[in-house]
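Each chain, letter by letter, is given below.
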Amino acid sequence: MKKNILITLLTALLLSSCGEYNKLLKSTDYEYKYEAAKNYFAKGQYSRATTLLNELITILKGTDKAEESLYMLGMCYYNQKDFQTAAQTFIQYYNSYPRGIYTELARFHAGKALYLDTPEPRLDQSGTYGAIQQLQMFMEYFPESSKKNEAQEMIFALQDKLVMKEYLSAKMYYNLGNYLGNNYLSCVITAQNALKDYPYTNLREDLSILILKAKYEMAVYSVEEKKAERYREAVDEYYAFKNEFPESKYLKEADKIFKESEKALGKQPETEEE
């Protein structure tokens, strides 16, 4: 114990001198390198710690120092914001040490690293699905973890990002209209699938009005024999929308669609007084 404390103190002293790091890289004293890596890590010099730890995790394999070195390496990448490499390192850790000292933290940080690396909604969201998977696995393995709530909040945020991508896609289809095909139908299908997959999303109202608007436009541009059926579908969608969102910010727009649809069907729309 005294020997380890002495090595740590000597390491901290030597590392403060100029050029010592370059000498350290050439050293074959792996105990010294291990203590140096820990010292650099503690001081926030993650780049230097990373270089040493990458060498040590192989040399110290089979020892408790290898386990700690691998976890520290993951945290070095994490603190340098190299989130993809950090996640890969944490995954390597918990696969190598499924019952290790740092397994709970490694699983959590694997998910959080991927969460922090996810792109904005307009881009490919495969990384978002990966982050959700890692965080869900963390919660399954450690349901009583003190980090459970944080993991759950990250999952909700990631799901919001996936819904936003679907909303933007549905909106794009709506804006394309009949350009090169019936994009209104694509809008309806995309929005309906988003509501089915994420029924509690904050974008539920926005997706619902897109469905109503798209169904109305489909009626407007339908061939004559399908117009009545599609206007009735728009009316039905209006009632569903108004029942769910009676105080909607889109209510004026929805009411206009309803009146135009009823007019097209040869009916007199009911007024609010009636």
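Values in this document were obtained by computation on a predicted structure and should not be read as measured data. (Residues numbered from 1 in each chain as written. Predicted model: local features only at pLDDT ≥ 70, side-chain atom pairs only at ≥ 80, totals over all residues. Heavy atoms only, no water.)

J.: What should I look at first to understand the overall build of the chain in this one?
T.: The number of helices and strands found in the chain is 13 helices and 0 strands. Secondary structure elements in the chain, listed N-terminal to C-terminal, are α-α-α-α-α-α-α-α-α-α-α-α-α. Computed over the C-alpha atoms, the radius of gyration of the chain is 29 Å, more than 25% above the 19 Å expected from 2.2 N^0.38 for a compact globule of 274 residues. If one aligns the C-alpha atoms of the chain with their principal axes, the spans along those axes are about 95 × 40 × 30 Å. A total of 274 residues make up the chain; the buried ones form 44% of that total. In the chain, 54% of the contacts between residues at least 6 apart in sequence involve partners at least 24 apart. Of the roughly 15900 Å² of accessible surface on the chain, 51% is carried by carbon and sulfur atoms. Charged side chains in the chain number 35 positive and 39 negative. The centres of these two groups are separated by 7 Å. (Helix = DSSP H or I, 4+ residues; strand = E, 2+ residues; numbered from the N terminus. Rg over C-alpha atoms; globule rule 2.2 N^0.38 Å. Buried < 20%, exposed > 50% of the residue type's maximum accessible area, 1.4 Å probe, protein only. Contact = heavy atoms within 4.5 Å. Areas by Shrake-Rupley, 256 points an atom, 1.4 Å probe, with all protein chains shown as cover. Lys, Arg positive; Asp, Glu negative; His and termini not counted. Charge placed at Lys NZ, Arg CZ, Asp CG, Glu CD.)

J.: I would appreciate a short explanation of the environment of Ala66 in the present structure.
T.: Mapping Ala66 onto the fold places it in helix 5 (residues 64-79). Overall, the relative accessible area of 2% leaves Ala66 in the buried class. Along the sequence, Ala66 and Glu120 sit 54 residues apart, while their C-alpha atoms lie 37 Å from each other. Setting aside residues up to four positions removed in sequence, Ala66 forms contacts with Ile57, Leu60, Lys61 and Tyr97.

J.: Quick question: what am I supposed to make of the nonpolar core here?
T.: Burial of nonpolar side chains together is a common tendency in soluble globular proteins. Grouped together as the largest cluster of nonpolar side chains are 61 residues, with contacts concentrated most on Leu24, Leu53, Tyr71, Tyr78, Phe90, Tyr93 and Leu207. With 14 residues, the next largest nonpolar core counts Ile209, Leu212, Val235 and Phe241 among its residues. (Core = buried A, V, L, I, M, F, W, Y, C linked by side-chain atoms within 4.5 Å.)

J.: How do you make sense of the packing of aromatic side chains when you look at a structure like this?
T.: Any two aromatic rings considered together are summarised by their centre-to-centre distance and by the angle between their planes. Across all of its chains, the model carries 17 aromatic pairs by this definition. For the pair Tyr71 and Tyr93, a centre-to-centre distance of 6.1 Å together with 65° between the ring planes defines the contact as edge-to-face. In this pair, Tyr71 is assigned in helix 5 and Tyr93 in helix 6 (residues 83-96), connecting sequence segments 22 residues apart. Each member of the pair, Tyr71 as well as Tyr93, is classed as buried. Between the aromatic rings of Phe138 and Phe142, the centroid separation amounts to 6.0 Å while the plane-to-plane angle is 35°, which identifies the pairing as tilted. For Phe138, a relative accessible area of 0% translates into the label buried. Judged by its relative accessible area of 22%, Phe142 is partly exposed. Following the ring pairs from residue to residue traces out a cluster consisting of Tyr71, Phe90, Tyr93, Tyr97 and Tyr102. For the cation-ring pair, Arg107 lies above Tyr141, with the distance from its terminal atom to the ring centre recorded as 3.8 Å. (Phe/Tyr/Trp six-rings, centres within 6.5 Å; stacked < 30°, edge-to-face > 60°. Lys NZ or Arg CZ within 6 Å of the ring centre and 35° of its normal.)

J.: I would appreciate a short explanation of helix 9 (residues 148-176) in the present structure.
T.: At 3.6 residues per turn, the α-helix brings residues three or four places apart onto the same side. The terminal C-alpha atoms of helix 9, which comprises 29 residues, lie 42 Å apart, in line with the 42 Å expected from a rise of 1.5 Å per residue. Among the residues of helix 9, those classed as buried are Ala151, Met154, Ile155, Leu158, Lys161, Leu162, Val163, Tyr167, Ala170 and Tyr174. Against the buried residues of helix 9 lie helix 7 (103-116), helix 8 (126-141), helix 10 (183-197) and helix 11 (204-220). Positive backbone phi, approximately 60°, marks Gly177, located one or two places after helix 9. (Expected span 1.5 Å × (residues − 1).)

J.: Just checking my understanding: could you explain the side chain of Glu67 for this structure?
T.: Relative to the helices and strands, Glu67 resides in helix 5. One buried charge, Glu67, has no salt-bridge partner; the nearest side chain with opposite charge is Arg99, at 12 Å. Looking at Glu67, its side chain comes within polar contact range of the side chain of Tyr93, at 2.5 Å. Beyond its immediate sequence surroundings of up to four residues, Glu67 is in contact with Tyr93, Tyr97, Gly100, Ile101 and Tyr102. (Salt bridge = Lys/Arg side-chain N within 4 Å of Asp/Glu carboxyl O. Polar contact = N/O pair within 3.5 Å; in protein donor to acceptor, adjacent residues only side chain to side chain.)

J.: What should I look at first to understand the confidence of the model for the chain in this one?
T.: Note: predicted coordinates in regions of low pLDDT should not be interpreted at a detailed level. Chain-level pLDDT for the chain is 90 on average; 91% of the residues reach the 70-or-more range. Averaged over each element, pLDDT in the chain is lowest for helix 1 (residues 2-15) (48) and highest for helix 7 (98). (pLDDT = per-residue confidence, 0-100.)

J.: Please clarify how unusual backbone geometry should be interpreted in this entry.
T.: Positive phi values are uncommon outside glycine, yet Lys81 reaches one of about 65°. Within the secondary structure, Lys81 sits in the loop between helix 5 and helix 6. You can call Lys81 exposed: its relative accessible area is 63%.

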